[in-house]
Amino acid sequence: MRWTTICFDLDNTLYSHEQAFEKAIRFCFESILKRKNLIGEADTKQLFKVFKQNCDLYWQDYESGTLTPKEYRRKRFLETTQLFQLPFDADDADEFQRTYYNVVDVFSEPFPKLNLIMNTLVAAQIKIGIITNGGADTQYNKVKELDLYEWIPNEAIFISEQLKIAKPNRQIFDIAKQKLESSGRYLFVGDSWEHDVVGAIEAGWDSIFLNTRMEKEKTAHKPFAVCTSLEGVAEVIFRENKLSNVLKG
């Protein structure tokens, strides 16, 4: 068996964060428009399109610390609503964000055959875990919504906010390895080249790059495989670990 321990990223690895994000944000816009008696004043599809553009536009300022998390969230909301001439303020932005946190996990739907993949790994006595960046409450809610506790115990879930360490820092991978206490080789599966491929390889793990967003390789690091779907990842794992390929049929 090539890998005795396999950890996964969460967002865009076990489910589509983009789809859940859009559905949740559009729900939040619909909710706040309804509360303000502004239904019909703006289309949620167009609001989301501009909102996403502002998310991307100001993301670098957020990552660099130029904007605090609250400033970033207010800015992307207010820049969007001002373009549509909607009468919202900073308090509305904060309420919008609270609503988002309360509902985003509800819109998280697992990638096809996730259950089958996890059942196969557990049956093969492979240790599995999650290493993810993000807020603890939000990520735990997603884990619960995706029914991942059926296969992954709480002590095998490693979240950056809780540990005060984020990928690609190798320390988060080292902590996971220490806690999982498994012999043999470790594999990490994720969708971010910088966070998941570079981070895992630098920590001495093998890596599979789940390139669902057609991201370009940014460094000379060599993942074990590059796949475009979770099923493709499973095919690699099943082949290399000499497991029966039960994905078909």
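See the structure above.
Quick look at the structure, then. Not measured: the values here are computed from a predicted model.

The rules behind each value
- Residues numbered from 1 in each chain as written.
- Predicted model: local features only at pLDDT ≥ 70, side-chain atom pairs only at ≥ 80, totals over all residues.
- Heavy atoms only, no water.
- Helix = DSSP H or I, 4+ residues; strand = E, 2+ residues; numbered from the N terminus.
- Rg over C-alpha atoms; globule rule 2.2 N^0.38 Å.
- Buried < 20%, exposed > 50% of the residue type's maximum accessible area, 1.4 Å probe, protein only.
- Contact = heavy atoms within 4.5 Å.
- Areas by Shrake-Rupley, 256 points an atom, 1.4 Å probe, with all protein chains shown as cover.
- Lys, Arg positive; Asp, Glu negative; His and termini not counted.
- Charge placed at Lys NZ, Arg CZ, Asp CG, Glu CD.
- Pairing = 2+ DSSP bridges.
- Right-handed = clockwise from strand over helix to strand, strands pointing away.
- Phe/Tyr/Trp six-rings, centres within 6.5 Å; stacked < 30°, edge-to-face > 60°.
- Lys NZ or Arg CZ within 6 Å of the ring centre and 35° of its normal.

Moving on, we come to the overall build of the protein chain. Broken down by element type, the protein chain carries 10 helices and 6 strands. Computed over C-alpha atoms, the radius of gyration of the protein chain comes to 20 Å, within 12% of the 18 Å expected from 2.2 N^0.38 for 249 residues, which places it in the range of a compact globule. If you line up the protein chain on its principal axes, its C-alpha atoms span 60 × 40 × 30 Å. Here the protein chain holds 249 residues, and the buried ones make up 51% of them. For the protein chain, long-range pairs separated by at least 24 residues make up 63% of all intrachain contacts whose partners lie at least 6 apart in sequence. When the accessible area of the protein chain is evaluated, it comes to approximately 12,600 Å², of which 47% is carbon and sulfur surface. Charged side chains in the protein chain number 32 positive and 37 negative. The centres of these two groups are separated by 3 Å.

What follows is about the pairing of strand β2 (residues 127-132). For β2, the buried fraction is high: 5 of the 6 residues fall into the buried class. Of the strand pairs in this sheet, strand β1 (residues 3-8) and β2 are connected by 4 bridges, and their pairing is parallel. Note that in β2 the partner of Ile6 across the bridge is Ile128. Both β2 and strand β3 (residues 157-159) contribute to a ladder of 3 bridges, which runs parallel. If you follow Ile131 over to β3, its bridge partner there is Phe158. In terms of handedness, the path from β2 via helix α6 (residues 136-145) over to β3 forms a crossover that is right-handed.

So, on to the packing of aromatic side chains. This structure, assessed with the given rule, holds 20 aromatic pairs. Taking the centre distance of 5.8 Å and the plane angle of 85° together, the rings of Phe29 and Phe51 count as edge-to-face. Remark: Phe51 occurs in helix α2 (residues 44-64) and Phe29 occurs in helix α1 (residues 17-35); sequence separation between them is 22 residues. Relative accessible area serves as the criterion here: at 0%, Phe29 is assigned to the buried category. Of the residues examined, Phe51 reaches a relative accessible area of 0% and is grouped as buried. Its guanidinium or amino end placed over the ring of Tyr186, Lys177 lies 4.9 Å from that ring's centre, counting from NZ or CZ.

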